[in-house]
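Geometric and topological summary
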Amino acid sequence: MSTSNTSSANDNLSQGNMLQLSKKLQDNIQLISTQFPVGVSYDLITRELHVGDTKAYLLAINGMCKTDILQKIFSDLQNPLYVENPTVENIANFISHKVGYTSVQLMDSWEEIQLNVLCGPVALFLDGFAQAIVIDVRTYPTRSIEEPDMERVTKGSRDGFVEAMLTNANLLRRRIRSPKLVFSRHFVGKESRTDVAIAYLQDKADPSLLARLEQAIDALDVTSLTMGAKSLEELLITKRWWNPLPCVLTTERPDVASSYLLEGHILVMVDNSPLVLVFPCSIFQFTQSPEDYYKSPFVGTYFRLVRFLCIPISLLLMPTFLLLGAHFPELTEAWKLMDMEGITAPRLFFYVMAVEFILDLFQYSSALTSDKYSGALSIVSGLIIGDVAVQLQWASTEVLFYAAITLLASLSLSDSGFRDGIRLMRIFLLLLTGFFGLPGFLCSLFVVLISTATTPTFGKFSYLWPLFPFNKKALGRLLFRSPTPKAQPSTVWGRGKVE
């Protein structure tokens, strides 16, 4: 290809036009050299071959294709006993009769070929044809399938989603062997071109919600999904600063994701991320745990109710204790909540905020520490730091006791995003209660309730469903663990929209 032709090709790309291949192999090789860093990037595989007497050129990414399968394919193509005709005359017949592999496509658009090569498939260019043979022999480096750390159960399956989207789709397909299970593929990001798959059951998913979700994903104008599924979540839902609770439920368990599919929910999977987004979302979904269904109905119901009770305990225990101790000391002494001798309201407020900071520091450090050190970290934090804090009068024994109960209640909530949102709301309650007393407590509690009710969801569904709009049957299923015969998701409950 001449210099002028190369410049013209680059101009077409800059204007967004679709480049077409040439019938001359040398021109296609020149085009590849202008669009790929051939000879500069070490992970590019390029090789000139012969298929019979026909010249060919191979383009692939090292490490993203199965070299053993490629070796077998090209070993056959270069075998004179296998290739009867020395020259390839019809490329479609050549693929049908000579390329003995399942996933093979014929492409003539350069942009499609370029995108496929960057995703892992191999492109084979033949002299005399303005088309390329794309062989999907991709393979991605990935970790083994194992149970997610944040969603562990004592019984049940031990598999979890990984960073490979195709593997995650297979985990769902293994559980739902229905021809109505669909995985719709999309691309997001001008530079990253990240694979995004929408999973749903055709006879159960809401068609209007599905169409709106597909349209929103296709309309995203971003460079890349830097943090995978989390970045996509923030792009799909505009979240305001006064809404700390999560807007989308995420899971890394295939069994949980499968149950939501069967209930009519829509899943969104992002390549390179083990998190699966569940649409639509309500606050009660964050109180659910697969552990409930691996126990008997009575035991599962008991622990589910305990988990519901842990939400108000985590949110209100410390603010209520601060309110009574700082502004109603006579009630505190009468109810023997704390020994108020020598403790003023400002000092108690300092105690509570210091312990909150210590607990947050402890949780953050534990989450980022290796498992081999987490046990020692717990002992140091619980014994040494707590004892020294009391001796230095940075805290009291009673404050540490109520803070420990608050911490245990928070850890019972399996979703970390929901747990962190509750923590921010609790700190907000503590600050207003400490500065303004009972009026501050009541006003902050009202703001927390308004913030929860106005938490945005995709599709403008109610965040408080099935409490509002009220659905007695759905609310009963959420509060009580039903036996398996009654818990079959045969129908989809209607959800009220809040415009």
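Our structure is the block above this text.
Bear in mind that the values here come from a model prediction, so they are computed numbers and not experimental data.

Another point: the overall build of the chain. Helix and strand content of the chain: 16 helices and 10 strands. Considering the chain as a whole, with its 499 residues, one finds that 45% of them fall into the buried category. Taking the intrachain contacts of the chain between residues at least 6 apart in sequence as the baseline, contacts between residues at least 24 apart amount to 66%. Taken as a whole, the chain presents about 26100 Å² of accessible surface, with 59% of it coming from carbon and sulfur.

In terms of nonpolar packing, the biggest core is built from 36 residues, with Leu172, Leu245, Leu261, Leu267, Met269 and Phe418 touching the most fellow members. Elements supplying a minimum of two residues to this core: helix H6 (165-175), strand E7 (194-201), helix H9 (254-262), strand E9 (266-270), strand E10 (276-279), helix H10 (297-327), helix H15 (416-453) and helix H16 (472-479). Among the elements that make up this core, the one with the highest residue count is H15 (five residues). Ignoring anything within four residues of it in the chain, the contact list for Leu267 reads Leu172, Ala197, Ile198, Ala199, Ala257, Tyr260, Leu261, Val276, Leu277 and Val278. Grouped together as the second largest cluster of nonpolar side chains are 26 residues, Ile198, Leu225, Leu236 and Leu277 included.

It is worth spelling out the side chain of Thr301 at this point. Topologically, Thr301 is positioned in helix H10. Note on Thr301: relative accessible area 14%, which makes it buried. A polar contact is formed between the side chain of Thr301 and the backbone nitrogen of Arg481, at a distance of 3.0 Å. Among residues more than four places away in sequence, those in contact with Thr301 are Leu479, Phe480 and Arg481.

It is worth spelling out the environment of Thr251 at this point. Here Thr251 shows up in strand E8 (residues 249-251). The exposure class of Thr251 is buried, given its relative accessible area of 2%. Separated by 16 residues in the primary sequence, Thr251 and Leu267 have C-alpha atoms spaced 10.0 Å apart. Among the polar contacts made by the side chain of Thr251, one reaches the main-chain amide nitrogen of Arg253 at a distance of 3.1 Å.

Turning our attention to the sheet that holds E7. Read across the open sheet, the five strands follow the order E6-E7-E9-E10-E8; overall the sheet is antiparallel. Only two strands of the sheet have a single neighbouring strand rather than two, namely strand E6 (181-188) and E8. Across the sheet, the mean angle separating the axes of adjacent strands is 25 degrees when strand polarity is ignored. With three bridges connecting them, E8 and E10 associate as antiparallel partners. Counted as the bridge partner of Thr251 is Val276 from E10. Across the sheet, helix H7 (residues 207-218) touches E6, E7, E9 and E10, and the angle it forms with E7 is around 180 degrees. Those strands touched by H9 are E6, E7, E8, E9 and E10, and its axis lies near 55 degrees from that of E7.

As a general feature of sheets, a regular strand has side chains that alternate between the two faces. Bridging between strand E1 (residues 44-51) and strand E2 (residues 54-61) involves eight bridges; their strand directions are antiparallel. Across the sheet, Glu48 pairs through a bridge with Tyr57, a residue of E2. With antiparallel pairing between neighbouring strands as the criterion, E1 and E2 make up a hairpin whose turn holds two residues, including Gly52 at a positive phi of roughly 70 degrees.

With that settled, consider a negative patch on the surface. Negative charge collects at one region of the surface, where Glu330, Glu333, Asp339 and Glu341 lie side by side. As for its position among the elements, Glu341 is in the loop between helix H11 (329-334) and helix H12 (345-368).

With that settled, the discussion passes to the side chain of Arg304. The topology assignment puts Arg304 in helix H10. A distance of 3.3 Å separates a polar atom in the side chain of Arg304 from a polar atom in the side chain of Tyr293. Other than its neighbours up to four places away in sequence, Arg304 contacts Gln288, Asp292, Tyr293, Arg477, Leu478, Leu479, Phe480 and Arg481.

Calculation criteria
- Residues numbered from 1 in each chain as written.
- Predicted model: local features only at pLDDT ≥ 70, side-chain atom pairs only at ≥ 80, totals over all residues.
- Heavy atoms only, no water.
- Helix = DSSP H or I, 4+ residues; strand = E, 2+ residues; numbered from the N terminus.
- Buried < 20%, exposed > 50% of the residue type's maximum accessible area, 1.4 Å probe, protein only.
- Contact = heavy atoms within 4.5 Å.
- Areas by Shrake-Rupley, 256 points an atom, 1.4 Å probe, with all protein chains shown as cover.
- Core = buried A, V, L, I, M, F, W, Y, C linked by side-chain atoms within 4.5 Å.
- Polar contact = N/O pair within 3.5 Å; in protein donor to acceptor, adjacent residues only side chain to side chain.
- Pairing = 2+ DSSP bridges.
- Axes fitted to C-alpha atoms, helices over the stretch in contact; angles between N-to-C directions.
- Patch = residues over 30% accessible without salt bridge, like charges linked within 9 Å, V, L, I, M, F, W, Y side chains within 5 Å.
- Salt bridge = Lys/Arg side-chain N within 4 Å of Asp/Glu carboxyl O.
- Lys, Arg positive; Asp, Glu negative; His and termini not counted.
- Charge placed at Lys NZ, Arg CZ, Asp CG, Glu CD.

These figures come from the coordinates and say nothing about function on their own.
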